[in-house]
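Survey of secondary and tertiary structure
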Amino acid sequence: MPTKHIDFNIDVAQGFGVYKNDIEMELLDYVSSVNISCGFHAGDPLLIKDYLLKCKEKNLTIGAHIGFNDISGLGYRPMELSNDEIEAIVLYQIGALASFAKSYGLVIDHVRPHGAMYKMASENYEFSLAIVNAIKKFDQWLAYTCLDNEILTRISDETGIVVNREVFVDKYYSQEDFKPMWENKKTIGVEDSLNRIRTILFSSQIKLGSGIFMPTNCNTIHFDTKNQNIVQLLKRSNEIINPTPFNYNKAETSGWV
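One structure accompanies this document, and this report is about it. (Residues numbered from 1 in each chain as written. Predicted model: local features only at pLDDT ≥ 70, side-chain atom pairs only at ≥ 80, totals over all residues. Heavy atoms only, no water.)

With that settled, consider the overall build of the protein. The helix and strand inventory of the protein stands at nine helices and nine strands. Against the compact-globule benchmark of 18 Å for 257 residues, the protein has a radius of gyration of 17 Å, which places it among compact chains. In terms of overall dimensions, the protein has C-alpha extents of about 45 × 40 × 40 Å along its principal axes. Relative to its 257 residues, the protein shows a buried fraction of 52%. Contacts spanning at least 24 positions in sequence make up 72% of the contacts within the protein whose residues lie at least 6 apart. Roughly 12,200 Å² of accessible area belongs to the protein as shown, and the carbon and sulfur atoms make up 52% of that amount. The distance from the centre of the 25 positive side-chain charges to the centre of the 32 negative ones in the protein is 3 Å. (Helix = DSSP H or I, 4+ residues; strand = E, 2+ residues; numbered from the N terminus. Rg over C-alpha atoms; globule rule 2.2 N^0.38 Å. Buried < 20%, exposed > 50% of the residue type's maximum accessible area, 1.4 Å probe, protein only. Contact = heavy atoms within 4.5 Å. Areas by Shrake-Rupley, 256 points an atom, 1.4 Å probe, with all protein chains shown as cover. Lys, Arg positive; Asp, Glu negative; His and termini not counted. Charge placed at Lys NZ, Arg CZ, Asp CG, Glu CD.)

Walk down a regular strand and you will see the side chains alternate between the two sheet faces. With six of six residues buried, strand β6 (residues 163-168) lies mostly within the body of the structure. Residue alternation in β6 divides its side chains into two sets, Val163, Arg165 and Val167 and Asn164, Glu166 and Phe168, and both sets are buried. By the bridge criterion, four bridges tie strand β5 (residues 143-147) to β6 in an arrangement that is parallel. Residue pairing across strands places Cys146 opposite Arg165, the latter belonging to β6. After leaving β5, the chain enters helix α6 (residues 150-159) and then returns to the sheet as β6, a path that is right-handed. One ladder, built from three bridges, connects β6 with strand β9 (residues 220-222); its direction is parallel. (Pairing = 2+ DSSP bridges. Right-handed = clockwise from strand over helix to strand, strands pointing away.)

This part covers the layout of surface pockets. Here the idea is plain: a probe the size of a water molecule rolls over the atoms and shows the empty space left. In this structure, the largest pocket spans a volume of roughly 860 Å³. Grouping the amino acids of the lining of the largest pocket by side-chain chemistry returns twelve nonpolar, eleven polar and nine charged. (1 Å grid on protein atoms, 1.4 Å probe; cavity = no way out; pocket = protein on both sides within 12 Å on 5 of 7 lines; lining within 4 Å. Points joined across faces, edges and corners; volume = space filled by probe spheres on them. Nonpolar A, V, L, I, M, F, W, Y, C, P; charged D, E, K, R; others polar.)

Next up on the list: the sheet that holds β5. Read once around its circumference, the closed barrel built from seven strands follows the order β1-β2-β3-β4-β5-β6-β9, with strand pairing classed as parallel. Each neighbouring strand pair of the sheet contributes to a mean axis angle of 35 degrees, computed without reference to strand direction. The pairing of strand β3 (residues 61-66) with strand β4 (residues 110-113) spans four bridges and is parallel. Paired with Ile66 across the strands is Pro113, a residue of β4. Lying on the sheet, helix α3 (residues 83-103) is in contact with β2 (33-37), β3 and β4; it crosses β3 at an angle near 145 degrees. Of the strands in this sheet, β3, β4, β5 and β6 are in contact with helix α4 (residues 115-123), which crosses β5 at around 85 degrees. (Axes fitted to C-alpha atoms, helices over the stretch in contact; angles between N-to-C directions.)

On to helix α2 (residues 45-58). The periodicity of an α-helix, 3.6 residues per turn, causes residues three or four positions apart to be oriented the same way. Taking 1.5 Å of rise per residue, the 14 residues of α2 would be expected to cover 20 Å, and the 20 Å separating its terminal C-alpha atoms lies within 8% of that figure. Among the structural elements, β1 (7-12), α1 (23-27), β2, β3 and α3 are those in contact with the buried residues of α2. Following α2 by one or two positions, Asn59 adopts a phi angle in the positive range, close to 60 degrees. (Expected span 1.5 Å × (residues − 1).)

Before going further, it helps to examine the environment of Leu233. Turning to its location among the elements, Leu233 is positioned in helix α8 (residues 230-240). Judged by its relative accessible area of 1%, Leu233 falls in the buried class. With 212 residues separating them in the primary sequence, Leu233 and Asn21 have C-alpha atoms 17 Å apart. Not counting chain neighbours up to four residues away, the residues in contact with Leu233 comprise Asp170, Val190, Ser193, Leu194, Phe223 and Asn227.

Inspection of the entire model under this criterion finds twelve salt bridges. The salt bridge partner of Lys58 is Asp29, with a shortest N-O separation of 2.5 Å. Linking Lys58 in helix α2 with Asp29 in the loop between α1 and β2, this pair joins segments that are 29 residues apart in sequence. By relative accessible area, which is 28% here, Lys58 ends up partly exposed. With a closest N to O distance of 3.3 Å, Asp224 and Lys226 form a salt bridge. Looking at Asp224, the relative accessible area reads 12%, which means it is buried. Residue classification places Lys226 among the exposed residues on the basis of a relative accessible area of 55%. Residues joined by salt bridges that share partners form a network here, namely Asp11, Arg112 and Glu166. (Salt bridge = Lys/Arg side-chain N within 4 Å of Asp/Glu carboxyl O.)

Dropping the structure here:
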């Protein structure tokens, strides 16, 4: 059955001090949710404030973009942490953004790991579970955004947390194990990415390679702001479907709207 609603999502505040990705602001017109960096891997207080206010203006759903405490490595270096350490850094980052958002009459809706933390969470159930337990300790109603795979399904089933099942339309996937090819920095071309979106919407599958498809129950598509074609890709993606945020999709499904 064709997908009626889907979220378009990007990471923002991916900078610090004079180091900024100015294109992120332009992209806010073409997405329905954002993940705001919380200061560990990126994001300084002024940058976070700017994005909170801009998201409020554009009525976008806000999430906490959490990562390892690794500014110099932009959060792309894996770290071995105990469950207590994972809980501490997750609570610290969510709390910082939630308090900041509250000052402007905003609330956060979801939590999405970044970089090495995201990769580890999508491949290691115990690591992902430690993140989710920390999220639930802060607020049991926050949603958890991660890669749409069997680990996320198990997390949802066993913890009861709301999950946002995410796919990438501009990244290469391995045809052997259906995982994103993290080390491959090349992105898929605009036309092929758009065809992936159409396939997701109309057949609930994502095309991995020539003639190879993987079923997906995704409700969000993540777009990489480092993709050199990101503006064109998002503009044209909006011609295929008008994106709607996670919370609207859940409310619509439940009959509230």
